[in-house]
Number of protein chains: 10
Amino acid sequence: MPDPGLLEFFDSPTDQPFLIEHINEEFTSVCPKTGHPDFGTVTIRYQPEAVCVELKSLKLYFQSFRNEGIFYEAVTNRIRDDLAEAMSPGWLQVITDWRGRGGIRSRITAEHGSVPR
Amino acid sequence: MPDPGLLEFFDSPTDQPFLIEHINEEFTSVCPKTGHPDFGTVTIRYQPEAVCVELKSLKLYFQSFRNEGIFYEAVTNRIRDDLAEAMSPGWLQVITDWRGRGGIRSRITAEHGSVPR
Amino acid sequence: MPDPGLLEFFDSPTDQPFLIEHINEEFTSVCPKTGHPDFGTVTIRYQPEAVCVELKSLKLYFQSFRNEGIFYEAVTNRIRDDLAEAMSPGWLQVITDWRGRGGIRSRITAEHGSVPR
Amino acid sequence: MPDPGLLEFFDSPTDQPFLIEHINEEFTSVCPKTGHPDFGTVTIRYQPEAVCVELKSLKLYFQSFRNEGIFYEAVTNRIRDDLAEAMSPGWLQVITDWRGRGGIRSRITAEHGSVPR
Amino acid sequence: MPDPGLLEFFDSPTDQPFLIEHINEEFTSVCPKTGHPDFGTVTIRYQPEAVCVELKSLKLYFQSFRNEGIFYEAVTNRIRDDLAEAMSPGWLQVITDWRGRGGIRSRITAEHGSVPR
Amino acid sequence: MPDPGLLEFFDSPTDQPFLIEHINEEFTSVCPKTGHPDFGTVTIRYQPEAVCVELKSLKLYFQSFRNEGIFYEAVTNRIRDDLAEAMSPGWLQVITDWRGRGGIRSRITAEHGSVPR
Amino acid sequence: MPDPGLLEFFDSPTDQPFLIEHINEEFTSVCPKTGHPDFGTVTIRYQPEAVCVELKSLKLYFQSFRNEGIFYEAVTNRIRDDLAEAMSPGWLQVITDWRGRGGIRSRITAEHGSVPR
Amino acid sequence: MPDPGLLEFFDSPTDQPFLIEHINEEFTSVCPKTGHPDFGTVTIRYQPEAVCVELKSLKLYFQSFRNEGIFYEAVTNRIRDDLAEAMSPGWLQVITDWRGRGGIRSRITAEHGSVPR
Amino acid sequence: MPDPGLLEFFDSPTDQPFLIEHINEEFTSVCPKTGHPDFGTVTIRYQPEAVCVELKSLKLYFQSFRNEGIFYEAVTNRIRDDLAEAMSPGWLQVITDWRGRGGIRSRITAEHGSVPR
Amino acid sequence: MPDPGLLEFFDSPTDQPFLIEHINEEFTSVCPKTGHPDFGTVTIRYQPEAVCVELKSLKLYFQSFRNEGIFYEAVTNRIRDDLAEAMSPGWLQVITDWRGRGGIRSRITAEHGSVPR
């Protein structure tokens, strides 16, 4: 079950603005309609305000979706909401890219805050 | 025969703006001039206003063009019109990429609404 | 309906052994179980004995599978049998590569006659 | 000899703005200086005002350059002028990409009208 | 839990020898040492003797490894043994390719029977 | 008109066996059936016996096919025969790869002499 | 230990604005948490004000991180600060791309000064 | 020795603005520090005002750097200055991409005039 | 310092012959001549006789070369010897691929035992 | 001027057979007919008998061809002869791949000794 409580954070090493991108190419959840597994890539990009997300805790948070029945659109918005609430970043973008189903590939993009220059 | 009645929709999981992209790499229709099959990729991108298109129904809608005699330009505008009318999205873009004919590859792009930031 | 009667042939331009390969990247038939279309690439390689298959007639023959409900394995063996009977080639190989279904891509290979040196 | 009289047109299927791109990867003409053949790719992109160029007639028009002695820069501007005069498009872009000569590859770009949003 | 009872078979459409390859790019199991998920691609190649494996049942069989704690080497030999026992193929090859762990990617290959010509 | 008289040769710089490969990616001839141009790549590989073909003369020989109406199979065997007669190489292979026509790409392979170790 | 004292500089060869990019694909440091080595690519882009960084000294500076325990975010900001202080460039961008850890790849971007036109 | 006197020009075939790009993938000069050869790609892009640079003369100009000891930054600015003075183009951009030295690849970019729309 | 004592092993899960390949893309050692770091990829392939090498211990063994001054050829033979002595495999192959130095890339290959069918 | 006296050697680190491959992607010489520079990649593969060629000396040897007027075929056989005489390897292969001239790319292959298993 998706669990934002797994996320840990550390203080940003600088007070100047910079950007962080993490790409998880091993994301999997379950289609709530068919019960078959979905496989995708999750990309998060953000401008930290005060804290950065710790990499191993981020991996465990992503793994907590493994047996959850949830649609593409909901996964994407859920990750955006969990990270935005926990980190209060200046800007946050979440992109999910899903392997084809029935010949159709999908990409969902959600953002929070204002785009940095 | 292209049938927008096949399309089904579900409520957007959030009221914040986000983007959805579906890429169908297995589109085929028939050239109305020569009777030979055309093969292409159809990409749709949209910002949902209230509803999202359900993925399996989108596949069936695309399959309904299989034996239709219709030009590239008409396919593209037809899909744009069908989806725009049924979903009333904030923004919608339809791109079709066609395999070469006589050594010439083609791409047609149609839009609806105003581009999101 | 697959129709080998569409195939036409012309005399080999030489009596020395040589090899011919044709790759059709626009093959489609229908899954007899689900009724959904299948998409694939068909490769034929052969060493002509007396005749070569004419390219446009080969295209029309492949198009005659468009609305046929037929499994991957049967498509491959059917094309091998039709071409082997009509051309009596020294050697013939038919390879079909199918786009993924349920995350699984497939390749079927069938041959006729003895491999050339 | 380049012959714009070969071009045929059909009415745009919609009165809403949209974009068309055709990529001809089999263009050849002759270098007027050395007499050796040049090989390149010609890309045209346009926003139709009232008519679209018919694909087979476009192929024949491109083939009419086959034995013409003409420089890269002149080919590109010639195609731009011929298509702009015949179609009066809202916007037109012609890009030619030439295979290397003496280790140098070239790309020429010409436009007509104002870039669509 | 890996369950070969999920596998279904159909009669080979020909009594001539031919080859079948299925590539599942969405395989996942669990590392028995760390509890973290492993992700990989499973390729099976075989020469059917009397029966072929049905594609959807193969997918469900692969999915039954999803929450199983099992090493790379054991996954590969297990699939080889299950398929060899159930199909008695003339030849069978199982290849697993695993995404990197600690900077190291792995491939395991197991066979059954004698290689076809 | 294809003219082997354009070919020039120079003495092999060594009496030890070695291999030479030339790949011409700018070959064009004309389809004798439709009158449309064909585009392809011609690869020649040979083990010189006494002489090697001079590169610029080879280019001019290939250019002499530019406006010749000739089938793929005939082009390939013609080049094999012309080079074999003129050079008497220990081994010679000619491969032509043709851009797609009607969705079908083709490769023709002809040889002369016995394959080197 | 990271040592900016290793950096050497030479006068810019022009007083007109221009851009310089150096990409080091052989960067390695050590994870302060696990003690395992990290591997990445470091890209620096800058608009010189008065001096340019000498290439060999830049290599030695990058090598001075080899056995340093330091996080991705800190490496990136450290390089930005060291170069900005030593060169006072008009603009400077530092991008680090890190090979995957636990299935997650990362990119960190830091800047100094105002982006050139 | 770099010699702009080798450059020849011809009149622009049109008085409408258009863009020209030439990419020389076979550039070599010598490092003035180590005496070892440097290898790179030189790209020039420009909007002609009245004249265009002739392609063969451009090749000879580039070859005149072959045995010159000169730094990356100086090569780039030198070419920009030579071409800007000789052609007075509306806009000119020179980009040099250098193969790796000590694991570091480099790109230098210099411009002249105002960027076209 | 290279330390084969770091290697751990587990019993092969089967007594039938099979193949294992591990590819470490993050190998680094030091050039004994210049003191500069070398970066490469190490591939090991083997047919286990009784035991398999444990993946994490293999990573630590590779990391023990990090600050060792040692030539490409010696690294390759050293790994071959250490693994052959510790595992007594039926067959073992070690391939090292090194990033370019002075424009030259290198690959070293060493084997032990007889190649499996 | 090509100078094999530049080559240096070191003792093989083992008396067991193994293979070495060096790929120089920065080779240049001059066409003796036109005076224009040629650019290519030189690959050498060998099984050392007693000595290995030192990498930096190999680079200097390759650089000594820089201003030599010499045909592709002669370069390849010259390198083969120089290395075979100096190292007496068990097996040696030299492959040169040349960038296109007049649209034709070339590869020359020469060997010495008997191919290792």
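So, how was this worked out
Residues numbered from 1 in each chain as written. Chains lettered and ligands numbered in written order. Predicted model: local features only at pLDDT ≥ 70, side-chain atom pairs only at ≥ 80, totals over all residues. Helix = DSSP H or I, 4+ residues; strand = E, 2+ residues; numbered from the N terminus. Rg over C-alpha atoms; globule rule 2.2 N^0.38 Å. Buried ≥ 20, exposed ≤ 12 C-beta atoms within 10 Å, placed from the backbone. Contact = placed C-beta atoms within 7 Å. Nonpolar A, V, L, I, M, F, W, Y, C, P; charged D, E, K, R; others polar. Pairing = 2+ DSSP bridges. Least-squares fit on C-alpha atoms with pLDDT ≥ 70 in both. pLDDT = per-residue confidence, 0-100.

### A short note on the overall build of chain A
And step 1. If you tally the helices and strands in chain A, you get 2 helices and 6 strands.
And step 2. Reading chain A from its N end, one meets helices and strands in the order β-β-β-β-α-α-β-β.
And step 3. Whereas a compact globule of 117 residues would reach a radius of gyration of roughly 13 Å, chain A reaches 14 Å, a difference of no more than 12%.
And step 4. Among the 117 residues that make up chain A, the fraction classed as buried is 38%.
And step 5. Taking as baseline every contact in chain A between residues at least 6 positions apart, the subset at least 24 positions apart corresponds to 70%.

### Details of the interface of chain A and chain G
And step 1. Listed by partner, the interface residues are 16 residues for chain A and 14 residues for chain G.
And step 2. When residues of the side of chain A that touches chain G are assigned to their parent elements, the largest contribution, 9 residues, is made by strand E2 (residues 18–30) of chain A.
And step 3. Here the side of chain A that touches chain G is built from residues that sort into 8 nonpolar, 3 polar and 5 charged.
And step 4. Relative to strand E6 (residues 104–113) of chain G, E2(A) is paired through 7 bridges, and the arrangement is antiparallel. Opposite Asn24(A), over in E6(G), you have Ile104(G) as the bridge partner.

### Focus on the arrangement of the chains
And step 1. Across the gap from chain F to chain G, with no contact made, the nearest C-alpha atoms are 33 Å apart.
And step 2. Contact between chain D and chain I is absent, and the minimum C-alpha spacing across the pair is 20 Å.

### Points about the relation of the copies chain A and chain G
Relating one copy of the chain to the other requires a rotation about an axis plus a shift along that axis.
And step 1. Superposition of chain A onto chain G requires a rotation of 72° combined with a translation of 0.0 Å along the rotation axis, giving an RMSD of 0.0 Å. Taken together, these values place the two copies in the relation of a five-fold axis.

### Quick look at the confidence of the model for chain A
Reading fine detail from the predicted coordinates is not recommended where pLDDT is low.
And step 1. Per-residue pLDDT for chain A averages 95, and the proportion of residues at 70 or more is 99%.
And step 2. Across the interfaces of the predicted complex, the ipTM metric reaches 0.93, alongside a pTM of 0.95.

### Observations regarding the pairing of strand E3 (residues 37–47) of chain B
Residues and elements named next belong to chain B.
And step 1. In this structure, strand E2 (residues 18–30) lies alongside E3, joined through 9 bridges in antiparallel fashion. Bridging across to E3, Ser 29 finds its partner in Asp 38.
And step 2. Counting the residues that bridge the hairpin from E2 to E3 gives 6 residues, and of these Gly 35 lies at a positive phi of roughly 80°.
And step 3. Pairing of E3 with strand E5 (residues 91–101) involves 8 bridges; the strand directions are antiparallel. Following the sheet pairing, Gly 40 is matched in E5 by Trp 98.

### What to know about helix H1 (residues 55–63) of chain C
And step 1. Where H1(C) is concerned, the buried positions are Leu58(C), Lys59(C), Tyr61(C), Phe62(C) and Gln63(C).
And step 2. Where H1(C) is buried, its residues meet E3 of chain B, strand E2 (18–30), strand E3 (37–47) and strand E4 (51–53) of chain C together with strand E6 (104–113) of chain F.

### Some thoughts on the environment of Pro32(F)
Residue and element names in this part refer to chain F.
And step 1. Its place among the elements puts Pro 32 in the loop between strand E2 (18–30) and strand E3 (37–47).
And step 2. When the C-alpha atoms of Pro 32 and Asp 82 are compared, they prove to be 21 Å apart, with 50 residues separating the residues in sequence.
And step 3. In contact with Pro 32, not counting residues within four places along its chain, are Gly 69, Ile 70 and Phe 71.

### Examining the environment of Val51(G)
Residues and elements named next belong to chain G.
And step 1. The residue Val 51 is located in strand E4 (residues 51–53) in this model.
And step 2. Sequence-wise, Val 51 and Ile 95 are 44 residues apart; in three dimensions their C-alpha atoms are separated by 21 Å.
And step 3. Once residues within four sequence positions are removed from consideration, Val 51 is found in contact with Phe 9, Phe 10, Asp 11, Ser 12 and Met 87.

### Description of helix H1 (residues 55–63) of chain I
And step 1. Taken together, the buried positions of H1(I) are Leu58(I), Tyr61(I), Phe62(I) and Gln63(I).
And step 2. Buried-residue contacts for H1(I) involve strand E6 (104–113) of chain E, strand E3 (37–47) of chain G together with strand E2 (18–30), strand E3 (37–47) and strand E4 (51–53) of chain I.

### What to know about the pairing of strand E6 (residues 104–113) of chain B
As a general feature of sheets, a regular strand has side chains that alternate between the two faces.
Residues and elements named next belong to chain B.
And step 1. Within E6, 7 of the 10 residues are buried, which leaves the element mostly enclosed by the surrounding structure.
And step 2. Where E5 and E6 come together, 9 bridges link them in antiparallel fashion. Paired with Thr 96 across the two strands is Ile 108, which belongs to E6.
And step 3. Hairpin remark: E5 followed by E6, antiparallel, with 2 residues in the connecting loop; positive phi at Gly 102, about 60°.

### What about unusual backbone geometry?
Glycine aside, a negative phi is what most residues show, and trans is what most peptide bonds show.
And step 1. A positive phi is found at Ser88(A), a non-glycine position, where the angle reads about 45°.
And step 2. If you trace the backbone, Ser88(A) turns up in the loop between helix H2 (72–87) and strand E5 (91–101).

### Here's the deal with the environment of Gly40(I)
All names here are of chain I.
And step 1. Structurally, the position occupied by Gly 40 is in strand E3.
And step 2. With 12 residues separating them in the primary sequence, Gly 40 and Cys 52 have C-alpha atoms 24 Å apart.
And step 3. Residue contacts for Gly 40: discarding those within four places in its chain leaves Phe 27, Thr 96, Asp 97, Trp 98 and Arg 99.

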